[in-house]
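The primary structure of each chain is shown beneath.
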Amino acid sequence: MATWRYYAMPSGTEAVSGCNAVARFADFGRGRNGGGGACGGRREIKADRLMLMRKWQLRPMKRSFSVRNVSSEHQQKVKDPLTQQEESPGSSHHFPPDASSIASSIQYHAEFTPLFSPEKFEPPKAFFATAQSIRDALIINWNATYDYYERMNVKQAYYLSMEFLQGRALLNAVGNLGLSGAYADALSKLGHNLENIAAQEPDAALGNGGLGRLASCFLDSLATLNYPAWGYGLRYKYGLFKQRITKDGQDEVAEDWLEMSNPWEIVRNDVTYPIKFYGKVLTDSDGKKHWIGGEDIKAVAYDVPIPGYETKTTISLRLWSTKAPAGDFDLSVFNSGKHTQAAEALYNAEKICYVLYPGDESLEGKTLRLKQQYTLCSASLQDIIARFERRSGTKIKWEEFPEKVAVQMNDTHPTLCIPELMRILIDVKGLSWKEAWNITQRTVAYTNHTVLPEALEKWSLELMQKLLPRHVEIIEMIDEELIRTIVSECGTADSNLLEKKLKQMRILENVELPAAFSGLLVKPKASPVAVSTDELGESEEEEEDTEQELEPADGKSKTVKEGIQGKKKKIPEPVPEPPKLIRMANLCVVGGHAVNGVAAIHSEIVKDEVFNDFFQLWPEKFQNKTNGVTPRRWIRFCNPDLSKIITSWTGSEDWVLNTEKLSELRKFADDEDLQAQWRTAKRNNKLKVASLIKEKTGYIVSPDSMFDIQVKRIHEYKRQLLNILGIVYRYKMMKEMSASERKKKFVPRVCIFGGKAFATYVQAKRIVKFITDVGATVNHDPDIGDLLKVIFVPDYNVSVAELLIPASELSQHISTAGMEASGTSNMKFAMNGCILIGTLDGANVEIREEVGEDNFFLFGARANEIAGLRRERAEGKFVPDPRFEEVKKFVRSGVFGSSSYDELLGALEGNEGFGRADYFLVGKDFPSYIDCQAEVDEAYKDQKRWTRMSIMNTAGSYNFSSDRTIHEYARDIWNIKPVELP
């Protein structure tokens, strides 16, 4: 007979300690720095806190509770929440995991929490059982982490992002728990291989590019560094899309990552919040606002555990899914045969979380995107406020809210946090405008990720008034407050200056000034000027002779004459009224207490150009927080061969947590033994990628070639087009040479691309098509052989990156200078000993400083030159390099197939016009780029020099850990401190 044993955690959640078994929990981490208190150094992780072990045995049901006194927390002994055995903070009577116990746990889940039929134990079933076994360990720490945060009532950071590009979780989880070897042995006992089982996990389709990957790195660092924090996002059912490459280029199909469920997530059916759209705002006799009517849905929480590295701290990524109440399903309409109509409300609610970044060319698409953003903000803030109220007990002091809560908006997508927090505080909690505004500004902070004008979100005022009427009222009041501040600072003496400031800084664009300021910009009438009789006569004569020809539907022109006394009058062309917009980035700057860029050069552009007027007004708000990436996922776990070498030569694994230790490799950069080991590790990784390429594309590549990689979102400013045109130039030169000349001049290269073009971004999809066309020609050319291969890896994601990046030897970060905010893939490549070729853009600037100028291939125009070069182009003064013209002619010759590339190349031609005039300066930088690529060839021929450069890149990457970035956010913006579990 099966028996269950539960223990109630102090927070009210119940943890399963056994089912038909005696459960014991083992310490699978390794202690760091001996002892330490709640905020001190790392302690050894205690036994029976991490991994659920089972011995089959009957045990009677027992339910126990424990109550802890917060005031005596530091003195009391720690009780294990499951066994209730007391152990002192310094005790270390833990027992190590063993493969047999883990295998038993996996078998248990295969039998008792099954998602597959019982007959077989094939890889998909083994993956789910393994993941559920690991989740047992995580749940204990997960519950303990938030139980402790609840009792200590610490200030907590909340990171809101539309994207969290997590990647696979299994290897990261066992790695952070220190269980990789134990799980490998356990699965081997069960007839499986850990890497093969991990490969069964689909990548979570919760992001697209660097924005989401950065957010995930931050969560890893927050947990590892023991910072109290929580991530908030949306649970997209179909992700962005799954990319397929055909002869016509990129096709998009829905992601299927949730098709067999997600073993890591736990749905919290008791954590739901109402979300309202549309409706109207009513005002009470006492002036209180009520938002009523409209469309109501529910947001439901799905929690994913984020374990820290070698620490018990396990934080949460809370993802919102949307649904409508069952009562909204109209059964009578359904039974009448109108099935679609009956379920319309359910569909409208659920589709909010269907797709990341739904196409927004239609009004319906724009509405859906705005609904997504508001759902994220409203559900998250309601959850944060509920937690604040619960922790505050009976005495809620709202003025202390910013002392307990820090909300970080990752780009402009969560901007509606500002008016939503104001709405809740004023309309629901009864605070005054002044109190709510003070709380909001002290709570919220904004990270800017772009200088591209089209990426600084602007929403239609009309759409938002319809969808979120109360929020528009609040935004209008914030705009009025801003106008008052600008007028106070600038004065009214210089009306031109004031008008310019208002035009640049207002939140509402193309909207009349509020009534209180309606006469502010009325300019004085011009003094009357004496006009001669002759001039007056000429003027009247000209007016009398004026006429306008109109083009009617029949195509015949007609002269319109009208006016008093037979005068002919010109009918002016109607001037379209500019759309009324809400500038979300301006709202972020006004509503938050901090604004940060994500690289040194980017933060300067933010201050000097993007938000210069705001910087002049509030210089103290603006900061730089250069991005970083987690060294756990991006070296330790994805590149085990290199990790072993680093550990051996630096003397310990301390570098995984303290990346400054990587700099110690510099003194060994010329050591022949290290260089030999380094090259062996790189070649092993290249062999893995060669297998991946054959599997994904069918092409066979040589691991002895240089692996030259550009993987990132396909966009004109990232200039994949420059890369492929450089390859075309290389191919053209090869074809004009003899075989011996080719071999002497060029080193063999495998040029690898990866990345997704947004479904409606036509030019980006043309670039993908062109790359694949070039590859189809070059890869089948017997004259070229292994000297050049062009590969487009389909459906690039985190798991693919974890193979490509360790194998890379040259990586391209070649955006137009001043247009990339930071980049994070450049950091990952450098960490893995890859040499970068790039412009002085984003974090490239700081990477080059750290790794050394001799270990970075630099080309291209500088950021401060770009505006002048565009003016030069518009004036017709640009003279293209003959080699650039040769390449375009070569492409148009038909060598790459029958497709027309006129529209693709047309963007690089002409001097003006939308989509023309080479806005991203591909032609300008082309000669510098191919000259730099020639330098790459020469450097690669000297493998000793190249390996030294590779080592220096890893050694110089130490500053680009997300641990460093998170420490800076915590200290300078969030004002939170580490809290280590007892």
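No experiment lies behind these values; they were computed from the predicted model shown.

(A) Representation of the overall build of the chain. Along its length, the chain carries 35 helices and 30 strands. Summed over its atoms, the accessible surface of the chain is roughly 41400 Å², and 50% of this surface lies on carbon and sulfur atoms.

(B) Structural view of the sheet that holds strand β17 (residues 444–447). Read from one edge of the open sheet, 9 strands run β11-β14-β15-β8-β7-β16-β17-β23-β24, paired in mixed fashion. Of all the strands in the sheet, the pair left with one neighbour each is β11 (266–277) and β24 (622–624). Geometrically, the sheet is characterised by an average inter-axis angle of 25 degrees between neighbouring strands, direction not taken into account. By the bridge criterion, 5 bridges tie strand β7 (residues 156–160) to strand β16 (residues 405–410) in an arrangement that is parallel. Residue pairing for β16: Tyr158 is matched across the bridge by Val407. Sitting on the sheet, helix α2 (residues 123–152) touches β7, β8 (229–234), β11, β14 (295–307) and β15 (314–323), and the angle it makes with β15 is about 95 degrees. Along the sheet, helix α13 (residues 433–443) makes contact with β16 and β17, crossing β17 at roughly 40 degrees.

(C) Local environment of the sheet that holds strand β25 (residues 706–711). With parallel pairing, 6 strands are arranged side by side in an open sheet as β27-β26-β25-β28-β29-β30. In this open sheet, the two strands that pair with only one neighbour each are β27 (788–793) and β30 (857–858). Bridging between strand β29 (residues 835–838) and β30 involves 2 bridges; their strand directions are parallel. Residue pairing for β30: Gly838 is matched across the bridge by Leu858.

(D) Here's a closer look at the environment of Glu865. Considering the arrangement of structural elements, one finds Glu865 in the loop between β30 and α30 (866–874). Note on Glu865: relative accessible area 38%, which makes it partly exposed. Glu865 sits 48 residues away from Ala817 along the chain, and the two C-alpha atoms are 8.8 Å apart.

(E) Representation of the environment of Met949. Inspection of the secondary structure assignment puts Met949 in helix α34 (residues 943–956). Along the primary structure Met949 and Cys834 are separated by 115 residues, whereas in three dimensions their C-alpha atoms are 8.5 Å apart. Beyond its immediate stretch of four places on either side in the chain, Met949 contacts Ile835, Asp854, Asn855 and Phe857.

(F) Spatial organisation of unusual backbone geometry. One non-glycine residue with positive phi stands out, namely Asn226, at about 65 degrees. Following the sequence through the fold, Asn226 ends up in the loop between α6 (210–224) and β8.

(G) Highlighting helix α19 (residues 600–610). His602, Ser603, Ile605, Val606 and Lys607 are the residues of α19 that are buried. Those residues of α19 that are buried are in contact with β23 (595–597), α20 (612–617) and β24.

(H) Focus on the pairing of β17. Burial along β17 is two-sided: Val444 and Tyr446 and Ala445 and Thr447, pointing in opposite directions, are all buried. Of the pairings in the sheet, the one linking β16 to β17 comprises 4 bridges and is parallel in character. The residue bridging Met409 from the neighbouring strand is Tyr446, located in β17. With 2 bridges joining them, β17 and β23 adopt parallel strand pairing. Bridge pairing in β23 places Tyr446 opposite Val595.

(I) Up close: the packing of aromatic side chains. Evaluation of the coordinates by the stated rule reveals 38 aromatic pairs. With 5.0 Å between their ring centres and 80 degrees between their planes, Phe388 and Phe401 make a pair best called edge-to-face. You can see Phe388 sitting in helix α10 (residues 363–392) and its partner Phe401 sitting in helix α11 (residues 401–404), a full 13 residues away along the chain. Look at Phe388 and you get buried, because its relative accessible area is 5%. Centroid distance Tyr940 to Trp946: 5.0 Å. Interplanar angle 80 degrees. Geometry classified as edge-to-face. When its relative accessible area of 4% is taken as the criterion, Trp946 is described as buried. Through successive ring pairs, a cluster of aromatic residues spans Tyr146, Tyr149, Tyr158, Trp230, Tyr232, Tyr273 and Trp320. Cation over ring: Lys621 sits above Trp618, and NZ or CZ is 4.1 Å from the ring centre.

(J) Representation of the pairing of strand β12 (residues 280–283) in the model. Pairing of β12 with strand β13 (residues 289–292) involves 4 bridges; the strand directions are antiparallel. Along β13, the bridge assignment pairs Thr283 with Lys289. Here β12 hands over to β13 after 5 residues, with Gly287 in that stretch at a positive phi of 90 degrees.

(K) Highlighting the pattern of salt bridges. A full pass over the atoms with the stated rule returns 62 salt bridges. In this structure, the salt-bridge partner of Asp670 is Arg948, at a minimum N-O distance of 2.9 Å. Residue Asp670 is located in the loop between α22 (640–650) and α23 (672–697), and its partner Arg948 is located in helix α34; the two are separated by 278 residues in the primary sequence. Through salt bridges with shared partners, one network takes in Arg268, Asp303, Arg318, Asp383 and Arg387.

(L) Layout of the side chain of Asp613. Mapped onto the secondary structure, Asp613 falls in helix α20. The exposure class of Asp613 is buried, given its relative accessible area of 17%. In terms of polar contacts, Asp613 uses its side chain to reach the side chain of Lys501, at 2.9 Å. The residues touching Asp613, leaving out its near neighbours within four places in the chain, are Lys501, Gln504 and Met505.

(M) Inspection of α13 at higher detail. Along α13, the residues classified as buried are Trp433, Ala436, Trp437, Ile439, Thr440 and Thr443. In an axial view of α13, the angular spread of the buried residues amounts to 165 degrees, which keeps them on one side of the axis. Those residues of α13 hidden inside the fold are in contact with α11, β16, α12 (417–428), β17, α15 (469–490) and α18 (584–591).

(N) Region of interest: the nonpolar core. Trp320, Met464 and Trp974 are the most contacted members of the largest nonpolar core, which totals 159 residues. If one sorts the elements of this core by residue count, α2 sits on top with 13 residues. Apart from the residues within four sequence positions on either side, Met464 is in contact with Leu370, Leu416, Trp459, Pro469, Val472, Ile475, Ile582 and Met584. Ranked by size, the runner-up nonpolar core spans 56 residues in total, among them Ile771, Ile835, Val922 and Trp946.

(O) Representation of the confidence of the model for the chain. With 85% of its residues at a pLDDT of 70 or more, the chain shows a mean pLDDT of 87. Segment residues 529–566 is flagged for pLDDT under 50; beyond a separation of four residues in sequence, or across chains, it makes 37 contacts in the model.

(P) Up close: the side chain of Asp708. Looking at the secondary structure, you find Asp708 in strand β25. A polar side-chain atom of Asp708 sits 2.8 Å from a polar atom in the side chain of Arg749. If we ignore the near neighbours within four places in the chain, the residues touching Asp708 are Arg749, Val750, Cys751, Ile752, Leu810, Gln812 and Gln933.

(Q) Quick peek at the environment of Arg892. Inspection of the secondary structure assignment puts Arg892 in helix α31 (residues 882–892). Placed 10 residues apart in sequence, Arg892 and Asp902 show a C-alpha to C-alpha distance of 7.7 Å. When sequence neighbours within four positions are dropped, the list of residues in contact with Arg892 reads Asp902, Leu905, Gly906 and Glu909.

About the criteria used
- Residues numbered from 1 in each chain as written.
- Predicted model: local features only at pLDDT ≥ 70, side-chain atom pairs only at ≥ 80, totals over all residues.
- Heavy atoms only, no water.
- Helix = DSSP H or I, 4+ residues; strand = E, 2+ residues; numbered from the N terminus.
- Areas by Shrake-Rupley, 256 points an atom, 1.4 Å probe, with all protein chains shown as cover.
- Pairing = 2+ DSSP bridges.
- Axes fitted to C-alpha atoms, helices over the stretch in contact; angles between N-to-C directions.
- Contact = heavy atoms within 4.5 Å.
- Buried < 20%, exposed > 50% of the residue type's maximum accessible area, 1.4 Å probe, protein only.
- Phe/Tyr/Trp six-rings, centres within 6.5 Å; stacked < 30°, edge-to-face > 60°.
- Lys NZ or Arg CZ within 6 Å of the ring centre and 35° of its normal.
- Salt bridge = Lys/Arg side-chain N within 4 Å of Asp/Glu carboxyl O.
- Polar contact = N/O pair within 3.5 Å; in protein donor to acceptor, adjacent residues only side chain to side chain.
- Arc of directions from axis to C-beta.
- Core = buried A, V, L, I, M, F, W, Y, C linked by side-chain atoms within 4.5 Å.
- pLDDT = per-residue confidence, 0-100.

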